[in-house]
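# Tertiary structure, described
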Amino acid sequence: MLNIALPKGRLGEKVYAMFAKAGFECPALMENSRKLIFDNEEAGVRYFWVKPSDVAIYVERGAADIGVAGKDILLEYRPDVYELLDLNVGKCRMAVAAPAGFQDDMNRTLRVATKFSRIARDYYTSVGRDIDIIHLNGSIEIAPILGLSDVIVDIVETGTTLRENNLSVIEEIVPISARLIANKSGFKFRTEQIERLTEGLRKEVQEA
Ligand code: PRP
């Protein structure tokens, strides 16, 4: 069985449709149930739904041979996995955002609220700016409104969350999209199957 970890939610469903089209079907997966693991013995695949930010953990530790994870997670946690393909879905960007009228005072340490501490630290190191990271787990957008931070580093997709909280992008850090990842030893044992899947997906990405 090829074990495949997919991110639970809309992106995961879209990605599953791509896998199915590439010949790795498991129709039970789309049944409306609370089940999390699905097998298709004939096709030799077992899928499971996991929290999007956990996919890379399953793959790195070999509980899954392959999975789909956002580039944000790969940059933040740097799991020891192969990154096989950019699926070109789940597209968004990592950006710095600030309240209207924000001006950076270079004489002060900049307070940055984020879920992505490493990405934020790497970015500000690259531009030579001293910062103080305030690590939060969600609702990052309210940090500057309440004076907890000066700016935020977060994912921007449609921009609606920023707009509705009177924030705007001041710097783009990196574009993000979903990536096909593989466990390193799983890849050695199942090279043929994984390459067949990767090539099928690559064609779909090119044709999209
Ligand atoms: C992300 C991000 C923003 C929002 C941006 O949160 O942290 O809050 O999406 O999307 P938008 O530009 O389309 O408004 P997500 O919904 O992933 O929830 P999370 O905070 O639990 O990660």
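From a predicted model like this one, the values you see are computed outputs, not experimental measurements.

## Here's the deal with the site of the ligand
- The immediate surroundings of the ligand are formed by Lys115, Glu141, Asp154, Ile155, Val156, Glu157, Thr158, Gly159, Thr160 and Thr161.
- Interatomic distance of 2.3 Å between a side-chain N/O atom of Lys115 and an oxygen atom of the ligand.
- A distance of 2.7 Å is found between an oxygen atom of the ligand and a backbone nitrogen or oxygen belonging to Gly159.
- Protein chains bury 58% of the 500 Å² of accessible surface belonging to the ligand in isolation.
- Breaking the shell around the ligand down by element, the ones donating at least two residues are strand E9 (151–156) and helix H6 (160–164).
- The greatest single-element share of the shell around the ligand, amounting to 3 residues, is contributed by E9.
- Each residue belonging to the shell around the ligand can be placed in one class, and the counts come to 2 nonpolar, 4 polar and 4 charged.

## Focus: the sheet that holds strand E11 (residues 178–182)
- Read across the sheet, 6 strands follow the order E2-E3-E1-E4-E11-E5 without closing on themselves; strand pairing throughout is mixed. In this open sheet, the two strands that pair with only one neighbour each are strand E2 (37–40) and strand E5 (82–86). Between one strand and the next, the sheet's axes are offset by a mean angle of 25°, whatever the strand orientation.
- Sheet topology places strand E1 (residues 2–7) next to strand E4 (residues 66–70); 2 bridges connect them, and they run parallel.

## Here we look at unusual backbone geometry
- One non-glycine residue, Arg78, lies in positive phi territory at about 40°.
- The topology assignment puts Arg78 in the loop between helix H3 (71–77) and E5.
- Here Asn88, not a glycine, exhibits a phi torsion of approximately 60°, which is positive.

## Description of the sheet that holds E9
- Spatially, 5 strands are ordered E8-E7-E9-E6-E10 in an open sheet, and the strand pairing comes out mixed. The sheet terminates laterally at strand E8 (131–135) and strand E10 (167–176), the two strands that pair on one side only. Across this sheet, the average inter-strand angle for adjacent strands is 25°, counted without regard to direction.
- With 5 bridges connecting them, strand E6 (residues 92–99) and E9 associate as antiparallel partners. Counterpart to Val96 in the pairing with E9 is Val153.
- Along the sheet, helix H4 (residues 117–126) makes contact with E6, strand E7 (110–114), E8, E9 and E10, crossing E8 at roughly 170°.

## Points about the nonpolar core
- The biggest cluster of nonpolar side chains holds 29 residues, and the ones touching the most others in it are Leu6, Phe19, Tyr47, Ile66, Leu87 and Leu201.
- Elements with a minimum of two residues in this core: E1, helix H1 (10–21), strand E3 (45–50), E4, E11 and helix H8 (191–207).
- Per element, the largest residue contribution to this core is 5 residues, and it comes from H1.
- If we ignore the near neighbours within four places in the chain, the residues touching Leu201 are Met18, Phe19, Ala22, Leu85, Leu87 and Leu180.

## Describing the environment of Asp86
- You can see Asp86 is positioned in strand E5.
- Residue class for Asp86 comes out partly exposed when judged on its relative accessible area of 31%.
- Along the backbone, Asp86 and Ala64 are 22 residues apart, and their C-alpha atoms lie at a distance of 19 Å.
- If sequence neighbours within four positions are ignored, Asp86 has contacts with Ser177, Ala178, Arg179 and Val205.
- Within the structure, the side chain of Asp86 is placed 2.9 Å from the backbone nitrogen of Asn88, a separation counted as a polar contact.
- Within the structure, Asp86 has its side chain in polar contact with the side chain of Ser177 (distance 2.8 Å).

## As for the domain arrangement of the protein
- In terms of domain boundaries, the protein breaks down into domain 1 (2–90 + 177–207) and domain 2 (92–175).
- If you average the C-alpha positions of domain 1 and of domain 2, the two centres end up 30 Å apart.
- Counting residues at the interface gives 7 residues for domain 1 and 11 residues for domain 2.
- Carbon and sulfur atoms make up 47% of the area that domain 1 and domain 2 hide from each other, which totals about 780 Å².
- Broken down residue by residue, the surface that domain 1 buries against domain 2 is led by Asp72, Glu76 and Arg78, which jointly contribute 59%.
- At the boundary of domain 1 with domain 2, the tally comes to 1 salt bridge.
- For Arg78, the salt bridge identified is with Asp122, shortest N-O distance 2.7 Å.
- Of the residues assigned to the side of domain 1 that touches domain 2, the class counts are 2 nonpolar, 2 polar and 3 charged.

Parameters at a glance
- Residues numbered from 1 in each chain as written.
- Predicted model: local features only at pLDDT ≥ 70, side-chain atom pairs only at ≥ 80, totals over all residues.
- Heavy atoms only, no water.
- Near = heavy atom within 4 Å.
- Polar contact = N/O pair within 3.5 Å; in protein donor to acceptor, adjacent residues only side chain to side chain.
- Areas by Shrake-Rupley, 256 points an atom, 1.4 Å probe, with all protein chains shown as cover.
- Helix = DSSP H or I, 4+ residues; strand = E, 2+ residues; numbered from the N terminus.
- Nonpolar A, V, L, I, M, F, W, Y, C, P; charged D, E, K, R; others polar.
- Pairing = 2+ DSSP bridges.
- Axes fitted to C-alpha atoms, helices over the stretch in contact; angles between N-to-C directions.
- Contact = heavy atoms within 4.5 Å.
- Core = buried A, V, L, I, M, F, W, Y, C linked by side-chain atoms within 4.5 Å.
- Buried < 20%, exposed > 50% of the residue type's maximum accessible area, 1.4 Å probe, protein only.
- Domains from an automatic or database assignment.
- Buried area = accessible area lost by both parts, 1.4 Å probe.
- Salt bridge = Lys/Arg side-chain N within 4 Å of Asp/Glu carboxyl O.

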